[in-house]
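# Topology and contacts: notes
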Amino acid sequence: MTATRTADAFRRLYGSAPEGVWAAPGRVNLIGEHTDYNDGFCLPFALPQRTQVAASRRTDGMLRLHSADVPSGVLTLRLAELDPARPPQGPDGWARYPAGVLWALLDAGLPVSPLGGADLHVSSDVPAGAGLSSSAALEVATALALTDLYGIPVTRTELAALARRAENAYVGVPCGVMDQTASACATAGHALHLDTRGLAQQHIPFDCAAAGLRLLVIDTRVKHDLADGAYAERRASCHEAAAALGLPALRDLPYADLDAALARLGDPVQRRRVRHVVTENERVVRVEELLRAGRLREAGPLLTEGHASLRDDYEVSCPELDLAVATAEAAGAYGARMTGGGFGGSALALIDADAEAAVSGAVTQAFARAGHRPPRITAAAPAAGAHRLE
Ligand code: ADP
Ligand code: MG
């Protein structure tokens, strides 16, 4: 998908060339799952797959939206009527994401006036609903396009915050800050270490190709209905456990004190949830150290340990994810884990570059034997965060 094609489609739709084309990537989290609402650490990287937004300004207070990926024609909204209590619904529900970004910009009281509206055309190769954050890619690409077009001075961290606000307050999804930050701030050849308390970032070298490695992203193509309720339940359970331990957040429980803290919690389920969060934060720190030392292969077993923790202690995996991980490992992966919130979506496997065909083939066969839909498997290398294309 080239910027020229996106610009051409814009011209056919709206009758003139766009003022620019912007892109923001999907993301995969290498390690650090379900830590962001515990003020913990995560280590995502940007995917080569990205969402492009071609855009021009308007002067009449209208927002026109079109996506090549949703058969809904051009949608027209009035800026003055954007209201989080009444976002677009039904098949046009995708419009909530870009409309939410405009709403968040207006609501932030940034120096946006006169923000006269915009024409947008969206085109993406990030699979939607695969746990690779197509929603954040769409929000961040839209936010970058609008702030660039209107000359609104925002840092990348502020851009991510605007995009997240759109998803939390306008779309109504209580996501953490990782997805938008990865899409807005990641750099090619690096993983992004994000401390979700204070939002300090570090770019950690993660050049898989130079090390003869590949990352396989295995989209299981399943999404279980459990996800929303379970997310809210896990979040609540963590916050209750932190309160019971007298801590602001589970991030404040040092790994060395874990056993003593667990002994103070009466509920076995809560103990498992806490153990996942605290050991997962520790795994982020260890993986980061290994990446810094160039010992990429040694991170594999920590990924696999992280999967077991999500499966057994946090209980957010599913049979398809477990099968993808177990099969990838048996076929020679250094490590593998589910990535994203769970109950479907994608798994990640760290493999030798020349093992790609063998591992992909083994996972595809295992899915066929188990009667699952064929997974979608792609090789990824850490790519660039959001940027202007033309
Ligand atoms: P994920 O972020 O894991 O891909 P979500 O459910 O959070 O899954 O977001 C997917 C939703 O985002 C889609 O259902 C759609 O509404 C919107 N979306 C993502 N990419 C696009 C796109 N290219 N065009 C239109 N809508 C999109
Ligand atoms: Mg999403």
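Predicted model, so just to flag it, every value in this text is computed and none were measured. (Residues numbered from 1 in each chain as written. Chains lettered and ligands numbered in written order. Predicted model: local features only at pLDDT ≥ 70, side-chain atom pairs only at ≥ 80, totals over all residues. Heavy atoms only, no water.)

## Notes on the packing of aromatic side chains
Rules: Ring geometry is summarised as follows: Phe, Tyr and Trp rings, the Trp one being its six-membered ring, pair when their centres sit within 6.5 Å, and such pairs are stacked at plane angles under 30 degrees, edge-to-face over 60 and tilted between the two. Helix and strand definitions here come from DSSP, where helices need a minimum of 4 consecutive H or I residues and strands a minimum of 2 consecutive E residues; each element is numbered from the N-terminal end. The buried label applies to any residue whose accessible area, calculated with a 1.4 Å probe on protein chains only, is under 20% of its type's maximum; exposed applies above 50%, and partly exposed to all values in between. Placement of a positive charge over a ring is assigned whenever Lys NZ or Arg CZ falls within 6 Å of the ring centre and within 35 degrees of the normal to the ring plane.
Applying the stated rule across the entire model yields 4 aromatic pairs. When the ring of Trp 103 is compared with that of Tyr 170, the centres are 5.8 Å apart and the planes differ by 40°; the resulting orientation is tilted. With a gap of 67 residues between them, Trp 103 in helix α2 (residues 96-107) and Tyr 170 in helix α4 (residues 156-171) connect regions that are remote in the sequence. For the residue pair Trp 103 and Tyr 170, the accessibility class agrees, reading buried in each case. When the ring centre of Tyr 314 is taken as reference, the NZ or CZ atom of Arg 273 above it lies at 6.0 Å.

## Things to note about the sheet that holds strand β13 (residues 387-388)
We apply this condition: The pairing criterion is simple: DSSP has to find at least two bridges between the two strands.
Read across the open sheet, the 6 strands follow the order β5-β4-β6-β3-β1-β13; overall the sheet is mixed. The outermost strands of the open sheet, each flanked by one partner alone, are β5 (75-78) and β13. Pairing analysis gives 7 bridges linking strand β3 (residues 44-57) to strand β6 (residues 117-124), with the strands arranged antiparallel. Paired with Val 53 across the two strands is Val 122, which belongs to β6.

## Examining α4
Note the following rule: By this rule, a helix spans an expected 1.5 Å times one less than how many residues it contains. Note on contacts: a residue pair is in contact if any heavy atoms of the two residues lie within 4.5 Å.
Under the 1.5 Å per step criterion, the end-to-end length of α4 is 21 Å for 16 residues, consistent within 8% with the ideal 22 Å. Taken together, the buried positions of α4 are Leu 159, Ala 160, Leu 162, Ala 163, Ala 166, Glu 167, Tyr 170 and Val 171. Turning to α4, the residues buried within the fold contact α2, α3 (134-149) and α5 (178-185). Two residues or fewer past α4, Gly 172 is found with a positive phi of approximately 90°.

## Some words on the site of ligand 1
Heads up, the rule is: Whether a residue is near a molecule or strand is decided by its heavy atoms; if any one of them lies within 4 Å of it, the residue is near. Pairs of N or O atoms within 3.5 Å make up the polar contacts considered here, provided that, within protein, one atom can donate a hydrogen while the other can accept it, and that residues adjacent in sequence are counted only when both atoms are side-chain atoms. The Shrake-Rupley method, run with a 1.4 Å probe sphere, supplies the accessible areas, and residue values consider only the shown protein chains as cover. Only Asp, Glu, Lys and Arg are considered charged, only Ala, Val, Leu, Ile, Met, Phe, Trp, Tyr, Cys and Pro nonpolar, and every remaining residue, Gly among them, polar.
The environment of ligand 1 is formed by 18 residues, the closest being Ser 67, Asp 69, Gly 129, Ser 134 and Ser 135. Here an oxygen atom of ligand 1 sits 3.0 Å away from a polar atom, N or O, in the side chain of Ser 135. Computed on the free molecule, ligand 1 has an accessible area of 560 Å², of which 80% lies beneath the protein chains in the complex. Elements with a contribution of two residues or more to the shell around ligand 1: β6 and α3. For the shell around ligand 1, the element with the highest residue contribution is α3, accounting for 3 residues. The class makeup of the residues in the shell around ligand 1 is 9 nonpolar, 7 polar and 2 charged.

## Describing the environment of Gly 212
Note that Gly 212 resides in the loop between β8 (201-205) and β9 (213-223). In sequence terms Gly 212 and Asp 354 are 142 residues apart; their C-alpha atoms lie 8.1 Å from each other.

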